[in-house]
Amino acid sequence: MGPIGLVDGRIIDLSEKIVEMEDRGYQFGDGVYEVTRIYNGRPFALRPHIDRLYHSLRGLRIPGVYTFDELAAFHERLIKESGLTSAAVYLQITRGVAPRYHGFPETTVPRLTMSIRPAKTNTELQASGAKAIYVPDERWLRCDIKSINLLGNILAKQAGKEAGAFEAVQVRGRIVTEGSSSNFFLVKDGVLWTHPVNNLILSGITRTLVIEKLAPQLGLPVIEKEFDRSFAFKADEIFLTGTTTEIMPLVLMDGDRVGDGKPGPVTRKLVAAYDELVAQECGSK
Ligand code: PDD
């Protein structure tokens, strides 16, 4: 019992060698992925994750071979066979195997691979607040597609890691877009601000939950509008959102203290409301 994989419907050990030399995911990064959090042995927000998977597949014109029910069943099998209750499921679909040539192959048989691994909650860091830095956003112009080609994101994350930061927040031109693997929110005068959904950010599932469920529940107005670093510098609070990040208060942004240097009251309320939402859907957190 522990981390395992699932390839084309078959459970495998993660050490098993399954990647073919000419898989287009391997050679071109030609594929898409999703990460879904498992709490209490149940997937959280699976439906919106699979909807976004179809958006990404359409964006790359990879046929959407698997139905929601099939993918949900694969998640259930991984949970059951791994015995893991607090975990993250990684799901990847590539355009499949073909002799290396940039254009699409004539016939495409997409390859699905999945894995499940234990995941921890971020309770301690949520209580103290985390540190982030700004980095230039060097990614392509279809950040709405959750592509497995993550070079810009990994270079950003590594820069953050080398600076001792939890996350690297990307800036395109003067505009703050999103973290290397999370969305960025700030709180100013009781209002939440975040970058609008377009081709420059990933439409995060956690971001949408904050905007559509948690903020209305707490009576917090949300403005989805571009802003620059100098606006973010004046924020009362800053937080990140993401499936594995959950809601993470930032207390130090590029060396500057955010607010009074502690997680702020709005972010703390959102963290609590998020935990409640998880408990409602998954039984407990
Ligand atoms: N990352 N923006 C980027 C660039 C991301 O990679 C992610 C998620 C998010 C947050 O989206 P969501 O709330 O749907 O997880 C925003 C995943 C977890 C990852 O790459 O592991």
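Heads up: the structure comes first, above all this text.
Procedures and definitions
- Residues take numbers from 1 onward in each chain, read along the sequence in its written order.
- Per-residue local features are limited, in this predicted model, to residues with pLDDT of at least 70; the limit for side-chain atom pairs, both in listing and counting, is 80 or more; totals at the level of whole chains, interfaces and linings are taken over all residues.
- Only hydrogens and water are removed before side-chain values are computed, so all heavy atoms of the structure are retained for them.
- We define a nonpolar core as any set of buried Ala, Val, Leu, Ile, Met, Phe, Trp, Tyr and Cys residues linked to one another through side-chain atoms lying within 4.5 Å.
- A 1.4 Å probe rolled over the protein chains alone gives each residue an accessible area, and that area as a share of the maximum for its type sets the label: buried under 20%, exposed over 50%, partly exposed in between.
- Note on conventions: DSSP H or I runs of at least 4 residues are helices, E runs of at least 2 residues are strands, and numbering of each starts at the N terminus.
- Strand pairing is assigned whenever DSSP detects at least two bridges linking the two strands.
- Only heavy atoms enter the contact rule, under which two residues are in contact if any of them lie within 4.5 Å.
- Only C-alpha atoms enter the line fits that serve as axes; for helices the fit covers just the stretch in contact. Angles between N-to-C directions range over 0 to 180 degrees.

Engineer: Can you walk me through the nonpolar core in this structure?
Structural biologist: For soluble globular proteins, nonpolar side chains are generally found buried alongside one another. Membership of the largest hydrophobic core comes to 26 residues, with the highest contact counts inside it found for L71, L91, I93, L112, M114 and I116. The set of elements that each furnish at least two residues to this core consists of β1 (4-7), β3 (31-39), α2 (46-60), α3 (68-82), β5 (87-94) and β6 (111-118). Of all hydrophobic cores here, the second largest spans 23 residues; its members include Y39, F44, V266 and V271.

Engineer: Please clarify how the sheet that holds β3 should be interpreted in this entry.
Structural biologist: For sheets, the rule is that strands pair by backbone hydrogen bonds, running either parallel or antiparallel. Judged by pairing direction, the sheet is antiparallel, and its six strands sit side by side in the order β2-β1-β6-β5-β3-β4 without closing on themselves. Edge positions in the open sheet fall to β2 (10-12) and β4 (42-43), since each of these has one partner strand only. Two elements, β5 and β6, share eight bridges in a ladder whose sense is antiparallel. Looking at β6, one finds that A87 is bridged to P118. The strands touched by α2 within the sheet are β3, β4 and β5, with β3 carrying the most contacts at an inclination of about 175°.

Engineer: Whenever I open this one, the environment of L46 confuses me. Can you help?
Structural biologist: Tracing the backbone through its elements, the reader meets L46 in helix α2. The class of L46 is buried, set by a relative accessible area of 8%. Separated by 22 residues in sequence, L46 and F68 place their C-alpha atoms 9.2 Å apart. Among residues more than four places away in sequence, those in contact with L46 are T36, F68, A72, H75 and E281.

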